[in-house]
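The primary structure of each chain is shown beneath.
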Amino acid sequence: MQIILSANKFHSMSNIVDVAGVDKNLATTSKDVKAAGMETEVVKQDTFTVFAPSEMAFGRLASGVLNNWMKPENIKELTSILSYHIVEGKNK
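Residues numbered from 1 in each chain as written. Predicted model: local features only at pLDDT ≥ 70, side-chain atom pairs only at ≥ 80, totals over all residues. Heavy atoms only, no water.

Participant: Lay out the overall build of the protein chain with the relevant residues and their values.
Facilitator: Along the protein chain, the regular secondary structure elements total six helices and two strands. What you see in the protein chain, going N to C, is helices and strands ordered as α-α-α-β-α-α-α-β. Expressed as a percentage of its 92 residues, the buried residues of the protein chain come to 26%. In the protein chain, of all internal contacts separated by at least 6 residues, the share reaching a separation of at least 24 is 69%. Per element, the accessible surface of the protein chain, about 6,500 Å² overall, is 52% carbon and sulfur. (Helix = DSSP H or I, 4+ residues; strand = E, 2+ residues; numbered from the N terminus. Buried < 20%, exposed > 50% of the residue type's maximum accessible area, 1.4 Å probe, protein only. Contact = heavy atoms within 4.5 Å. Areas by Shrake-Rupley, 256 points an atom, 1.4 Å probe, with all protein chains shown as cover.)

Below you can see the structure in the form of C-alpha cells.
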C-alpha cells in the first residue's frame, strides 16, 4: 500500500512532525520519532523525504517487536531503523 500525502491538505503545517501527528496512517511513525527523541532534529532541518511505514505495515510486525523497540534500552536501535525512513533533503 502506498500513501501519498497531499501538500494542500497540510499546507498550514510547518514540519513533518506536525503532519505525522495528525495523519492516522502515520500515528506509529509519529510515536516512534518522538520516542527516539528525533522530533527536534527533524524540525530543525529544512527538508526531509519520509518513507514512513503505514499502520498496516506496522501491524504486520511480529508480536512484541514494536513494543521492544520502544523500550529505553532499545532507543539506539529504534533511531537506527527510523534513520532509514527519514532522509534529509538538500536545498540548492
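So that's the structure; there's more coming.
Participant: Lay out the environment of Val43 in plain terms, naming residues and giving numbers.
Facilitator: Here Val43 is to be found in helix α3 (residues 39–44). Residues Val43 and Asn15, spaced 28 residues apart in sequence, show a C-alpha to C-alpha distance of 6.0 Å. Residue contacts for Val43: discarding those within four places in its chain leaves Asn15 and Val17.

Participant: An account of empty space enclosed by the protein is requested, with residue identities and associated values reported.
Facilitator: Going through the model one piece at a time under the given rule, you end up with one cavity of 30 Å³ or more. In terms of lining, the largest cavity is formed by Ile16, Val17, Ala20, Leu26, Thr29, Ser30, Val33, Lys34, Val42, Val50, Ala52 and Ile86. When residues of the lining of the largest cavity are traced back to their parent elements, those giving at least two are α1 (16–22) and α2 (27–35). Counting residues per element, the lining of the largest cavity draws most heavily on α2, which supplies four residues. For the lining of the largest cavity, the class distribution of residues is nine nonpolar, two polar and one charged. (1 Å grid on protein atoms, 1.4 Å probe; cavity = no way out; pocket = protein on both sides within 12 Å on 5 of 7 lines; lining within 4 Å. Points joined across faces, edges and corners; volume = space filled by probe spheres on them. Nonpolar A, V, L, I, M, F, W, Y, C, P; charged D, E, K, R; others polar.)

Participant: Hey, could you go over the nonpolar core for me, with residue numbers and the actual values?
Facilitator: Formed by Val17, Val33, Ala36, Met38, Val42, Phe58, Leu66, Trp69, Ile75, Leu78, Leu82 and Ile86, the largest nonpolar core amounts to 12 residues. For this core, the secondary structure elements donating two or more residues are α5 (65–69) and α6 (75–83). Residues within four places of Leu82 in sequence aside, it is in contact with Asp32, Val33, Ala36 and Met38. (Core = buried A, V, L, I, M, F, W, Y, C linked by side-chain atoms within 4.5 Å.)

Participant: Pulling in residues and values, what's your account of α6?
Facilitator: Turning to α6, its buried residues are Ile75, Leu78 and Leu82. Considered in projection along α6, the buried side chains sweep an arc of 60 degrees and stay on one side of the axis. (Arc of directions from axis to C-beta.)

Participant: How would you summarise the packing of α2 against α6 if you had to cite specific residues and measurements?
Facilitator: Interaxial distance between α2 and α6 falls to 9 Å at its minimum, and their mutual angle equals 130 degrees. Classified by the angle between their axes, α2 and α6 sit oblique to one another. The two elements α2 and α6 cross, and the hand of that crossing is left-handed. For the pair formed by α2 and α6, the contact residues are Asp32, Val33 and Ala35 on the first element and Ile75, Leu78 and Leu82 on the second. Among the residues making up the contact of α2 with α6, the classes are represented as five nonpolar, no polar and one charged. (Axes fitted to C-alpha atoms, helices over the stretch in contact; angles between N-to-C directions. Parallel < 35°, antiparallel > 145°, perpendicular 65-115°, else oblique. Left-handed = near helix turned anticlockwise from the far one by under 90°.)

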